[in-house]
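The chain contents come next:
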Amino acid sequence: MFCKKNVTTVIWCAAIVWSIMGILSWSHLPIEYRPGGLRLTFNSMIDHMLHGHFDVDPKTVEEEGFLRNGKVYAYWGIFPSLLRLPVLLFPNGLHWDITRLSSIMALLMVLFFNYRTWRFVSERYLGGTSWVSLCLAIALAFSGEQVCFFEHSLYQEVCFWALAFASWFVYCAIRVLCEKEYWRYGGVCMAVAAGCALLTRVSMGIGLYVALLCFLIIHFYRWCRSFRTKDEGVTLLSLVVPTVISVLAIIVTAYVNYRRWGNPLTFANYDLYLYNVEFPSRIMRTKTYGLFNLQRFYLGIVYFFVPVWIFQKADGHYVLQDSFTRLIDANELPPSSFFLTDGFMLLCGALLIVGLLRRGRVFPINRAALASVAVSLAIPAFLMMIAISMNYRYRAEFYPDIVFLGTLGCVYLYNNLKDVRALKKILVALLVVSVVSSNLNIFLYGESELGPAYLYIKDGIFSYYYHRVF
């Protein structure tokens, strides 16, 4: 037992070091001085917000901006800009690029809550030092969301913080499902996490808000029953405070939207997108198919799970290239599959789902509550599968549900299937593949150019990466 505890300590400490070095890419400082460019967009955003405006300097956001009434706006949420407040206190603070530092902070927050999640389920359900517990620790520390997004760009910074708040939410959600009394504290934390996610990346925020609504309904029902059952586990205050926090975040988001687009329900008006000048086909595609369309769902399955789109046919075209170019603005490099980067967590989650469908008590958590939260957390992933653009960083929206189901799947596995040797071998093999694939993705992502993949891989995917590396 002592040895296994030391092993898990080494795992989490190594994950901290690997995360920091991954963001810094072994040769960069966390803060840099820049005369301009995209990575200073949030500096400009907070500076303008302090003066009562919600536009940004066109020299920072460049083509990623939206031109409206003579001013240029960014579509990203305002939370990352708030982190720049201390920077403005220094001379030339507007030119301090803290993208890497901010990304490190967010990634360490993801790692912290992954650790808290593992520690909670490990001590409560997994016997503390079992092989299932050890595998879950490795999966949460060295595969999936923890390592797949080490690229240090402004785009990734936003995703990092969205993942950080989602990790906080998932940790609290698991504890609330397992410990009813934790709601008094966890409900407030989930409301704050959901609100911050909404102010960072709306697609992630929507999923967390729906999951929070499920918790509020469940605990409101418990509160109503408490008058008859004398259950003191839920108080009116424990329902009111999360609701107020959630509503305040919605009001702030609506106000920002109104100041940017003239409509509180609009998060980005792509008719005003400056990149449309470089890619004029996007305007017609948006008008024809919209930002989200169910016709793209099968392409989402291909892009995120079965990337056969990288295979070139005899005529030089790629598999499904016509469908991708007709329905989607960009299917971005690198190619990847959740079956490779997260096979261990996906199989554990699948075992949980199968177990929940069986009769009898097979899991120590209310099935309806678990299912409602799982479906809610799947909403951001579903949106990405029907979105007008499929970028590598959009994989982030899948991870709250993958971690939620995979972690609880490990509990089901330990309680019911831990002695099945064949299953153990399969899971260990998938874990090895997950760690290797996730870390390979770091390398490929760093070597990949952003934007439509078909512009770069005309001579084949292997030729592209060969010339990028050598």
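Residues numbered from 1 in each chain as written. Predicted model: local features only at pLDDT ≥ 70, side-chain atom pairs only at ≥ 80, totals over all residues. Heavy atoms only, no water.

1. Focus on the overall build of the chain
Regarding its fold elements, the chain presents 20 helices and six strands. Taking 470 residues into account, the globule formula puts the C-alpha radius of gyration at 23 Å, and the chain, at 23 Å, falls close to it. Across its three principal axes, the chain shows a C-alpha extent of roughly 60 × 55 × 45 Å. Considering the chain as a whole, with its 470 residues, one finds that 56% of them fall into the buried category. Taking all contacts inside the chain whose residues are at least 6 apart in sequence as the whole, residues at least 24 apart take part in 77%. Each charge class in the chain was averaged separately, 40 positive and 29 negative side chains, and the resulting centres sit 11 Å apart. (Helix = DSSP H or I, 4+ residues; strand = E, 2+ residues; numbered from the N terminus. Rg over C-alpha atoms; globule rule 2.2 N^0.38 Å. Buried < 20%, exposed > 50% of the residue type's maximum accessible area, 1.4 Å probe, protein only. Contact = heavy atoms within 4.5 Å. Lys, Arg positive; Asp, Glu negative; His and termini not counted. Charge placed at Lys NZ, Arg CZ, Asp CG, Glu CD.)

2. What to know about the nonpolar core
Nonpolar side chains tend to gather and get buried jointly when the protein is soluble and globular. By size, the foremost hydrophobic cluster in this structure holds 150 residues, and its most contacted members are F169, F304, W309 and F404. Here the element with the most residues in this core is helix α7 (residues 154–178); it accounts for 21 residues. Look past the residues within four positions of W309 in its chain and what remains in contact with it is V302, Y303, Y318, V319, F324, N331, E332, L333, P335, A453, Y454 and I457. (Core = buried A, V, L, I, M, F, W, Y, C linked by side-chain atoms within 4.5 Å.)

3. Brief notes about a nonpolar patch on the surface
A cluster of nonpolar side chains, contributed by L236, V240, V244, V247, L248 and I251, occupies part of the molecular surface with about 500 Å² of accessible area. Mapped onto the fold, L248 is located in helix α10 (residues 236–261). (Patch = residues over 30% accessible without salt bridge, like charges linked within 9 Å, V, L, I, M, F, W, Y side chains within 5 Å. Areas by Shrake-Rupley, 256 points an atom, 1.4 Å probe, with all protein chains shown as cover. Salt bridge = Lys/Arg side-chain N within 4 Å of Asp/Glu carboxyl O.)

4. Quick look at the pattern of salt bridges
On inspection of all chains with the given rule, the structure shows 13 salt bridges. For R100, the salt bridge is made with E32, and the minimal N-O distance between the two is 2.8 Å. With R100 in helix α5 (residues 99–124) and E32 in strand β1 (residues 32–33), this pair connects stretches of sequence that are 68 residues apart. Note on R100: relative accessible area 4%, which makes it buried. Taking the relative accessible area as the measure of exposure, E32 reaches 24% and is therefore partly exposed. For E332, the salt bridge goes to R393, with nearest N and O atoms at 3.9 Å.

5. Focus: the packing of helix α16 (residues 367–377) against helix α18 (residues 399–416)
At a minimum axis distance of 8 Å, the contact between α16 and α18 shows a crossing angle of 150°. Considering their axes alone, α16 and α18 lie roughly antiparallel with respect to each other. Every pair of crossing elements has a handedness; the one defined by α16 and α18 is left-handed. For the pair formed by α16 and α18, the contact residues are L370, V373, A374 and L377 on the first element and P400, D401, F404, L405 and L408 on the second. Partitioned by chemical class, the residues of the contact of α16 with α18 number eight nonpolar, no polar and one charged. (Axes fitted to C-alpha atoms, helices over the stretch in contact; angles between N-to-C directions. Parallel < 35°, antiparallel > 145°, perpendicular 65-115°, else oblique. Left-handed = near helix turned anticlockwise from the far one by under 90°. Nonpolar A, V, L, I, M, F, W, Y, C, P; charged D, E, K, R; others polar.)

6. What about the packing of aromatic side chains?
Inspection of the entire model under this criterion finds 43 aromatic pairs. Taking 6.4 Å as the distance between ring centres and 25° as the angle between the ring planes, the aromatic pair formed by F304 and F338 counts as stacked. One end of the pair, F304, is in helix α12 (residues 297–304); the other, F338, is in helix α14 (residues 338–341), and 34 residues separate them in sequence. Looking at F304, the relative accessible area reads 0%, which means it is buried. One aromatic cluster in this structure is built from F42, F66, Y73, Y75, W76, Y155, W261, Y270, Y273, Y275 and F279. The ring centre of Y182 lies 4.1 Å from the NZ or CZ of R175, which sits over that ring. In this structure, R395 is placed above the aromatic ring of F338, and the distance from its NZ or CZ to the ring centre is 4.2 Å. (Phe/Tyr/Trp six-rings, centres within 6.5 Å; stacked < 30°, edge-to-face > 60°. Lys NZ or Arg CZ within 6 Å of the ring centre and 35° of its normal.)

7. Overview of the environment of F142
When you line up the elements, F142 lands in helix α6 (residues 131–142). Spatially, the C-alpha atom of F142 lies 9.1 Å from that of S19, the residues being 123 residues apart in sequence. Once residues within four sequence positions are removed from consideration, F142 is found in contact with I11, A14, A15, W18, V147, V435, S438 and N439.

8. Let's talk about the state of the cysteines
For the structure on display, the rule yields zero disulfides. In this structure C196 is not part of a disulfide, and its nearest cysteine sulfur, from C189, lies 11 Å away. (Disulfide = S-S within 2.5 Å.)

9. Re unusual backbone geometry
Leaving glycine out, the prevailing phi sign among residues is negative, and the prevailing peptide bond configuration is trans. Following L333, the chain continues into P334 via a peptide bond in cis, with omega recorded as 0°. By the element assignment, P334 lies in the loop between β5 (330–331) and α14. Of note in the backbone geometry, N92 takes a positive phi value of approximately 60° without being a glycine. With respect to the element layout, N92 can be found in the loop between α4 (79–82) and β4 (96–97).

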